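Next come the chains, spelled out residue by residue.
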Amino acid sequence: FRSMEEEGAALAASLEKLHERKRRATAEEAGAAGEQGQAHRRGHYHRVNSQTAARHQQLRAQIAAAEAEVAELERQVKAQQQQAKRHAAADMSSVVAHFLQLNNQALAAADQREDVGEEEEEATRDGLNSARRRHCTADQMRTLASLTGIKITSAKSLLEAVGLRVYNIEGECYTLAFSLELRVAEPSLEIMQLTVQVPPVTLPELDPFIKRVQADRSPHEFLQGFVQYAECHARRHSLFRRLALQWPQAVLLVQGAAFDTTLTARSSHPSSFSFSFRWEIEVQSLGRCKQTFTFSPNVPRALAAADKHSVFRNADTAFRQLVAVRGVENAVEIMVRLVEAE
């Protein structure tokens, strides 16, 4: 790119010189025209006219040659700019490929972690992380990104020092943005340092996971876990927002649908049934996402005394059964409808 920039600068300088030559030739032509007018007034029109005509013809030829050179240089500059754009696009693709490359053996081993015992877990994980740190080969993670919904919005690389390249990657998944910075040793491609940034609203849930992947220097584990987290976060946000819009008087979200992990549903009557629902998302080792649903009913004494069939007192059990049969989104909505109707 530096050589292309130097070549472009040289072309631009040559173009400016040709423009200056054209301006001088035009000025000389105007001066010659003025000289012709003065000669005519002095009675030497015929002699000066032939000299001026020859000078005009010479200047026009120079101007035409300068215009042709300018047009050629403009064409070269345009071609240079188009080539630079193609190289920039290719460079971004190359950066993404290098940054998101993983070892096939490490990925296959990660998929087999389901049945590993607790005593073997730490040793296996250390081996996988070591493999991930040592290798960056091409295209595997880019394929994973396309399959999981990750969108890379920016990719840059910079040779910070001899044998040390810095990769900066920005992207998003389910509207949640992230940025990664990798310091990679060359030519071994060992990841020396990984820095992760995510939206501040997600840090209460993601902070332990981010610290872990930064310590392990594992971009694959981060992306694998972030994809699952972003999908769960989008489901939670969609549910809370929809219920808050549909029943604004009954549903309470203290921090808003995008930030809250807890939804509270209550009637305008103080002696009525109400509940709070907490949806927690935790990213565990190797990027696995665990969701925890906590349903906390509130049954006033007067309502409990009148609840002969224990409908409200057994609301927690009923909710768990609904989650198993209908899914968590439908279960929460049914409970909100119950509060609204009651």
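Look up a bit, the structure's there.
Asker: Just give me the short version of the overall build of the chain, but keep the residues and values in it.
Answerer: Each helix and strand in the chain was counted, giving 10 helices and eight strands. Taking contacts inside the chain between residues at least 6 apart in sequence as the whole, the part at least 24 apart equals 54%.

Asker: So what's going on with helix H9 (residues 315-326)? Which residues, and what values?
Answerer: Over its 12 residues, H9 runs 15 Å from end to end, which matches the ideal 16 Å to within 8%, given 1.5 Å per residue. Count one or two residues on from H9 and you reach Gly 327, which has phi positive near 95°.

Asker: How would you explain the sheet that holds strand S7 (residues 274-283) if you had to name every residue and give the values?
Answerer: The antiparallel open sheet is built from four strands, whose spatial order is S5-S6-S7-S8. The sheet is open, and its two borders are formed by strand S5 (251-252) and strand S8 (289-298), each paired with just one other strand. Two elements, strand S6 (residues 262-265) and S7, share four bridges in a ladder whose sense is antiparallel. Paired with Leu 263 across the two strands is Phe 277, which belongs to S7. Contacts between helix H7 (residues 219-246) and the sheet are confined to S5, S6, S7 and S8, with S7 contributing the most and set at about 165° to the helix. H9 rests against S7 and S8 of the sheet, and its axis sits at about 145° to S8.

Asker: Provide a residue-level description of the pairing of strand S1 (residues 151-161), including the pertinent values.
Answerer: Along any regular strand, the residues point their side chains to alternate faces of the sheet. Relative to strand S2 (residues 164-173), S1 runs antiparallel, the two being bridged by nine bridges. Bridging across to S2, Leu 159 finds its partner in Arg 165. Linking S1 to S2, which pair antiparallel, is a turn of two residues; within it Gly 163 sits at a positive phi near 80°.

Asker: Now, about the nonpolar core: what can you tell me, with residues and values included?
Answerer: Within the largest apolar cluster, 53 residues are counted, with the highest numbers of intra-cluster contacts made by Phe 178, Phe 222, Leu 263, Phe 275 and Val 336. Among the elements that line this core, the one with the most residues is H7, at 10 residues. Setting aside anything within four residues of it in sequence, one finds Phe 222 in contact with Phe 178, Leu 180, Val 196, Val 198, Phe 209 and Val 213.

Asker: Which residues make up the packing of aromatic side chains, and what values go with them?
Answerer: Tallied over the entire structure, the rule returns 12 aromatic pairs. For the ring pair Phe 209 and Phe 222, a centre distance of 6.1 Å and an interplane angle of 15° mean the geometry is stacked. Of the two residues, Phe 209 is situated in helix H6 (residues 203-216) and Phe 222 in helix H7; the sequence distance between them amounts to 13 residues. Geometrically, the ring pair formed by Phe 277 and Phe 293 is stacked, given 6.1 Å between the ring centres and 25° between the ring planes. Taken together, the positions of Phe 277 in strand S7 and Phe 293 in strand S8 put the pair 16 residues apart, joining distant regions of the chain. According to the relative accessible area criterion, Phe 277 is buried, its value standing at 0%. Among the aromatic residues, those joined into a ring-pair cluster are Phe 240, Phe 273, Phe 275, Phe 277, Trp 279, Phe 293, Phe 295 and Phe 319.

Quick notes on the rules
Residues numbered from 1 in each chain as written. Predicted model: local features only at pLDDT ≥ 70, side-chain atom pairs only at ≥ 80, totals over all residues. Heavy atoms only, no water. Helix = DSSP H or I, 4+ residues; strand = E, 2+ residues; numbered from the N terminus. Contact = heavy atoms within 4.5 Å. Expected span 1.5 Å × (residues − 1). Pairing = 2+ DSSP bridges. Axes fitted to C-alpha atoms, helices over the stretch in contact; angles between N-to-C directions. Core = buried A, V, L, I, M, F, W, Y, C linked by side-chain atoms within 4.5 Å. Buried < 20%, exposed > 50% of the residue type's maximum accessible area, 1.4 Å probe, protein only. Phe/Tyr/Trp six-rings, centres within 6.5 Å; stacked < 30°, edge-to-face > 60°.

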